[in-house]
Amino acid sequence: MKTKNFWAALATPMMIATLLLAGTPSVTANDQLSAAPAAVKIDNFSFGPQTVTVPVGATVTWTNADDIPHTAVSTEGVFKSKVMDTDEKFSYTFTKAGTYAYYCTIHPKMTGQIVVQ
Amino acid sequence: MQDKKQDFIDQKLQDLNNDGVDRRGFLKCMAWAGTGLVWTMSGGIPVSQAFAKSADHAGKRGDFSFVQISDSHIGFNKPANPDVTATLQTAIDKINAMPHKPDFIIHTGDLSQLSKPSEFDTLDQVLKGASAKQIFFVPGEHDMLTDNGEEYLQRYGKGTKGTGWSSFDHKGVHFVGLVNVANLKAGGMGSLGHEQLEWLEDDLKGRSASTPIVLFAHIPLWTIYPDWGWGTDDSEQALSYVKRFGSVTVLNGHIHQIMQKIEGKVSFHTAMSTAFPQPAPGTAPSAGPMKVPAEQLQKVLGITDVNYVRGQHSLAVVDSTLG
Ligand SMILES: [Cu+2]
């Protein structure tokens, strides 16, 4: 459901962008998309949204809103945050397409993924 | 989300105010019994029992006793408890005032909030005031946050193996401190790991089945609530090694509340925190520090007194709150 709403919300601005940019190379549109940073909020011992889809080159920022420290660590060792205490952040820029599973090494029940396309 | 948590806390406190019996906790206990597990304690109930038991014990002293403290989270300063050093101090004062002096103290982890040297320094300062001079530790996940627990191991892991596990004997009882907070796998709960399990099997091998065994570790060695990671993935393996013993007591922390289960000859028990309470399983959107009004805080924090009487089937575990 969450993913559906996300795409529905995205559809309209994307169509406008395409219309405005008609005639200019589509690369520009892509660049504009990648410039938009994505955010993951850590709240109530979970990553929200659990799946985030971003274009190649996007920066994802995690923010810890809990009263307990957490981490965001790639299961494949691609990225590894420091320990984030309350309100602390971690950012990572994804330069390659793929699906990146990650978890909190302190509370491993907490898992999420970043889909880069 | 937050309101649900608050509703539960209000209800819990109201019950505590009325007669000290936590009905919500009691109902919870009944409900869980229905799923095939036997839960004998939950929430506020054991507190009133503890007083009766203590009075009972006053006359006939056991062979020895020790005290378990847990989850002091030194460095935590959020609204759930802005002064965790003070509440730890209260716990130590309470231990020092006991009529029967415990032989030693066991701390079942989460000594610190963020594994900082300054937090460990503060902890040491408070623990120095304990009349029981010997303190045994196992780490909680909060103590292993940096350098794979290097700071913790240097200070509290002398003579231990691996990530901090060890065993010792005291007056005929065999104690084993286990570590289930290191090298945790994505999607899993607590984990002991292959190397530690092998060591445990070896450590128990050749001991007489009549030796009372005490296992202690931070995360419960029995599955309390998997959704919140309140369990240890490979604890079954560890428990299979103690099956042949006549008396096994398993002491854990991590969940900041009392839970008890008896399965054959194995008694499982979790202790209160000295820092802040956490919600009962499934009663809030997630685990985490639970804020209660300041004047109620000491009613949900506490210590655990464990008495050993030779020849008795199991060790007597008595919880008492700080206030
Ligand atoms: Cu976490």
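Note that the structure is a prediction, hence the values are computed from the model and not measured. (Residues numbered from 1 in each chain as written. Chains lettered and ligands numbered in written order. Predicted model: local features only at pLDDT ≥ 70, side-chain atom pairs only at ≥ 80, totals over all residues. Heavy atoms only, no water.)

Asker: Tell me about the overall build of chain A, residues and numbers included.
Answerer: Looking only at helices and strands, chain A features two helices and eight strands. Ordered by position from N to C terminus, the α and β elements of chain A give α-α-β-β-β-β-β-β-β-β. Residues classed as buried in chain A amount to 36% of the 117 residues present. Long-range contacts, defined here as pairs at least 24 residues apart, represent 47% of the contacts in chain A between residues at least 6 apart. Element-wise, carbon and sulfur atoms account for 60% of the exposed surface of chain A, whose accessible area totals about 6,500 Å². (Helix = DSSP H or I, 4+ residues; strand = E, 2+ residues; numbered from the N terminus. Buried < 20%, exposed > 50% of the residue type's maximum accessible area, 1.4 Å probe, protein only. Contact = heavy atoms within 4.5 Å. Areas by Shrake-Rupley, 256 points an atom, 1.4 Å probe, with all protein chains shown as cover.)

Asker: Describe the coordination of the copper ion, naming the residues involved and giving the relevant values.
Answerer: Residue and element names in this part refer to chain A. His70 (ND1), Cys104 (SG) and His107 (ND1) make up the full set of protein donors to the copper ion, lying at 1.9 to 2.2 Å. Donor residues for the copper ion sit on one chain with the sequence pattern H-x33-C-x2-H. With His70 in the loop between β4 (59-64) and β5 (73-74) and His107 in the loop between β7 (98-103) and β8 (111-116), this residue pair connects regions lying 37 residues apart in the sequence. Considered together, His70 and His107 belong to a single accessibility category, that of buried residues. (Donors = N, O, S within 2.8 Å, 3.2 Å for Na, K, Ca; no water.)

Asker: Report on unusual backbone geometry, specifying residues and quantitative values.
Answerer: With an omega of -10°, the peptide bond running from Gly48 of chain A to Pro49 of chain A counts as cis. Relative to the assigned elements, Pro49 of chain A resides in the loop between β2 (46-48) and β3 (51-54). Of note in this structure, Asp147 of chain B is not a glycine but carries a positive phi near 50°. Its place among the elements puts Asp147 of chain B in the loop between β4 (135-137) and α6 (150-156). For Asn148 of chain B, which is not a glycine, the phi torsion comes out positive at approximately 50°.

Asker: Describe the pairing of β7 of chain A, listing the residues and the values that go with them.
Answerer: Residues and elements named next belong to chain A. As paired elements, β5 and β7 share two bridges and run antiparallel to each other. Each residue of the ladder has a partner; that of Ser74, found in β7, is Tyr102. In this sheet, β8 lies alongside β7 in antiparallel orientation, the contact comprising six bridges. Note on β8: the bridge partner recorded for Tyr102 is Gly112. (Pairing = 2+ DSSP bridges.)

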